[in-house]
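# Remarks on the overall topology
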Amino acid sequence: MTNTVRDQLRGLDFLAGLTDTAVHQLSRLVREVEYDCDSLLFEEGSERHLLALVVSGAVAIEKRQNGRPVRLATLGPGEAVGEGLLLDDSAHGTSARAILQTTAYVLSRPQIEGMLKEAPTLYAALVGRAARAISHRLSAVDATLVGRGRTLGFGGARTRTEHDLLGDRDVPDEALYGVQTLRALENFAITGVPLREFPALIEALAAVKEAAAVANGELGFLALPVADLIVRACGEIRAGRHHEHFLVDMIQGGAGTSTNMNANEVIANRALELSGHVKGDYQHVHPNNHVNLSQSTNDVYPTAVKIALHTVIEDLRHAMKDLAAAFLAKGDEFAPFIKMGRTQLQDAVPMTLGQEFTAFGHTILEDVERLGEAQALIREINMGATAIGTGINAPAGYAEVVRATLSRLTGLTLITAPDLVEATADTGSFVQLSGVLKRCAVKLSKICNDLRLLSSGPRAGFGEINLPPMQPGSSIMPGKVNPVIPEVVNQVCFDIIGGDVTVTMAAEAGQLQLNVFEPVIAYRLLSGIGALTNACVALRERCVTGISANPDRMRQFVEQSIGIVTALVPVLGYEVSTEIARDALASGRGVYELVMERNLLTREQLDQALNPETMTAVKAEGKTPSAPKSPRKHPRPTKR
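Right, let's walk through the structure included here.

### Concerning the overall build of the chain
In terms of helices and strands, the chain carries 22 helices and 16 strands. In the chain, which comprises 640 residues, the proportion classed as buried is 50%. Nonlocal contacts in the chain, meaning residues at least 24 apart in sequence, comprise 73% of its contacts between residues at least 6 apart. Only carbon and sulfur atoms are counted for the fraction: they give 53% of the accessible area of the chain, which is about 29500 Å².

### Quick word on the pattern of salt bridges
Enumeration over the complete set of coordinates arrives at 36 salt bridges. A salt bridge links arginine 603 to glutamate 559; its shortest N-O distance comes to 2.7 Å. Residue arginine 603 is found in helix H21 (residues 603-610), and its partner glutamate 559 is found in helix H17 (residues 551-560); the two are separated by 44 residues along the sequence. What makes arginine 603 partly exposed here is its relative accessible area of 33%. Of the charged contacts in the structure, one is a salt bridge between glutamate 579 and arginine 598, with a shortest N-O distance of 3.4 Å. A residue pair is termed long-range when its members are at least 10 positions apart, and glutamate 579 in helix H19 (residues 574-587) and arginine 598 in the loop between helix H20 (591-597) and H21 qualify at 19 residues. For glutamate 579, a relative accessible area of 26% corresponds to the partly exposed category. For arginine 598, a relative accessible area of 18% puts it in the buried group. One salt-bridge network, in which partners are shared between bridges, spans Glu79, Glu236, Arg241, Arg270, Glu273 and Lys279.

### Focus on the nonpolar core
Counting residues in hydrophobic clusters, the biggest one holds 119 residues, and the most contacted among them are Leu201, Leu309, Leu451 and Leu539. The biggest single contributor to this core is helix H10 (residues 297-333), with 16 residues. Once residues within four sequence positions are removed from consideration, leucine 539 is found in contact with Leu323, Leu444, Cys448, Leu451, Ile485, Val489 and Val544. Core analysis: the second largest hydrophobic core is formed by 25 residues, Leu12, Phe14, Leu53 and Leu85 among them.

### Things to note about the packing of aromatic side chains
Under the definition given, this model contains six aromatic pairs. Between phenylalanine 327 and phenylalanine 357 the ring centres are 6.0 Å apart and the planes differ by 45 degrees, which places this aromatic pair in the tilted class. Here phenylalanine 357 lies in helix H11 (residues 353-377) and phenylalanine 327 lies in helix H10, a separation of 30 residues in the sequence. The pair formed by phenylalanine 327 and phenylalanine 357 is uniform in burial state, with each residue classed as buried. Centre to centre, the rings of phenylalanine 357 and phenylalanine 360 are 5.4 Å apart; their planes meet at 65 degrees, and the pair counts as edge-to-face. Residue phenylalanine 357 and its partner phenylalanine 360 are located together in helix H11, separated by three residues, close to a single helical turn. Overall, phenylalanine 357 belongs to the buried group, its relative accessible area being 0%.

### Side note on the side chain of histidine 242
Within the secondary structure, histidine 242 sits in the loop between helix H7 (224-238) and helix H8 (257-274). On the basis of relative accessible area, histidine 242 is assigned to the buried category, the value being 6%. There is a polar contact of 2.7 Å between the side chain of histidine 242 and the side chain of glutamate 236. Those residues in contact with histidine 242 that sit more than four places away from it in its chain are Thr74, Leu176, Glu236, Ile237, Val266 and Arg270.

### With respect to the environment of arginine 452
Following the sequence through the fold, arginine 452 ends up in helix H14 (residues 428-454). Classification of arginine 452 as partly exposed rests on a relative accessible area of 31%. Separated by 64 residues in sequence, arginine 452 and isoleucine 388 have C-alpha atoms that sit 51 Å apart. Those residues in contact with arginine 452 that sit more than four places away from it in its chain are Pro483, Pro486, Glu487 and Asn490. At a separation of 3.0 Å, a polar atom in the side chain of arginine 452 contacts the side chain of asparagine 449.

Analysis parameters
Residues numbered from 1 in each chain as written. Predicted model: local features only at pLDDT ≥ 70, side-chain atom pairs only at ≥ 80, totals over all residues. Heavy atoms only, no water. Helix = DSSP H or I, 4+ residues; strand = E, 2+ residues; numbered from the N terminus. Buried < 20%, exposed > 50% of the residue type's maximum accessible area, 1.4 Å probe, protein only. Contact = heavy atoms within 4.5 Å. Areas by Shrake-Rupley, 256 points an atom, 1.4 Å probe, with all protein chains shown as cover. Salt bridge = Lys/Arg side-chain N within 4 Å of Asp/Glu carboxyl O. Core = buried A, V, L, I, M, F, W, Y, C linked by side-chain atoms within 4.5 Å. Phe/Tyr/Trp six-rings, centres within 6.5 Å; stacked < 30°, edge-to-face > 60°. Polar contact = N/O pair within 3.5 Å; in protein donor to acceptor, adjacent residues only side chain to side chain.

Dropping the structure here:
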């Protein structure tokens, strides 16, 4: 094994104090493994099979709660993942997911079992470190669960005392948040949806704080060593770490102040850790004096929300493009299949199933463009406005430096609003975005209605298409399969449509120089966009790509329909077509049957006349297809 591996192992905090002999033994056992972002190292409930020593990247420890993964901790370079393998044979109680491209040195179960026999001293040293690491992590997890009446439990009862305007409070010692976050946890037990459920918003907050620290440092208002610590802490948060400490409820009083202070406190305490100081020792890095320097909640919060929205909108646009592509692919697949088009639920004129599905794809792509237009509006920010837009407590030149830095960090072309007083009070861009999101939801819900109707039956309904079966549909009716994927997408769309009313009312209710209801606006938009993104993915993967057609049934409807006579008017003339329609209505027979019985057209000629593509081509060329020459049933009298 190379010296490089031994050197890297010596640099890992988890192995600190290990003898050179032990490090050498370990270097001969480990293998280097690369984990792609979002890949699982292990899954909750699975058998323990590895111990991973993180060299670079980041790994989230998650536990499922109500069907959703909740992040309990994030581990970075120098830390161990899966060290419970050294202690017992129980199944994993959590999952480990790479949240960045991650490199780790990995030991397998057989290697550890061999180590116990061949290198017991090394094994004992690793066991001791694993026990300490797990104890520390339990304390940290415990700290993230405090609030809503819960007190410290399994992780111990260590606290630190912090002070704010209202007095002293004990804060869990392992928590990166502070006293103001603790008060918010007690005050705002509202939705049960914490800030950590929206990583895009946490990362946007960290970007804003990093940009502010850089600007304050460049302008000489913040000591560069302190600015560097804040930048390092923010970089870790933007990389996905420490999100488990962002715990305030998404809906809160105070116009977002609790969210801003949650960010300030986590960044300050992580900066203190990086500098070797204890958490809460704010004389070195202070949440307000340093992290929040030259800022107010009233410019930080809306700016972070806009950046987060820009990120999740881009995710939604990609999901919608993929969904549209799936519909367009089905459009090509279904192009040969003629069917009846319908208006007002009545037979109209022939079309192809391909045209119907292609239209679904195109209507979705229209809204991808509308979302892009809404994104442009939210790239205007009010950083430098501070409290009400006057820029009080912000140094000259700060707004431009922070904007340029934030643009660099996010990769977005951000602009500073020309009137910061107006921008601080205005929520019009959120209303505009909410309206576009509602438009997307309305149209997608309509498509799902069509899919359910076209697949209805399967024998006593339209039955023109088959949706892929996803699960049994009834607890009492054997064999029933319901269109559950379009149904769930419908419900997501209903929720977004209702959310638009919330956003509208919250925007209208703003008073004077600030809208204090931005938290509920952010919650409705971020949650709605996230749900719609997931709905588009589910609809594509679990429904659209598996749809099949029933061409014989569609053909039967066409041949029995009276509506096809409209397509025959250019060929047979209006009077003959009317006569055919009248006879079909009276007899209950099909138009196809009557036309061929009277030798007006052959089946092939009928098919050509009724082919939507043929009709479109004829119309485009200005031609009228001619009927075949055949004996008339009622020949005209000869002129004399």
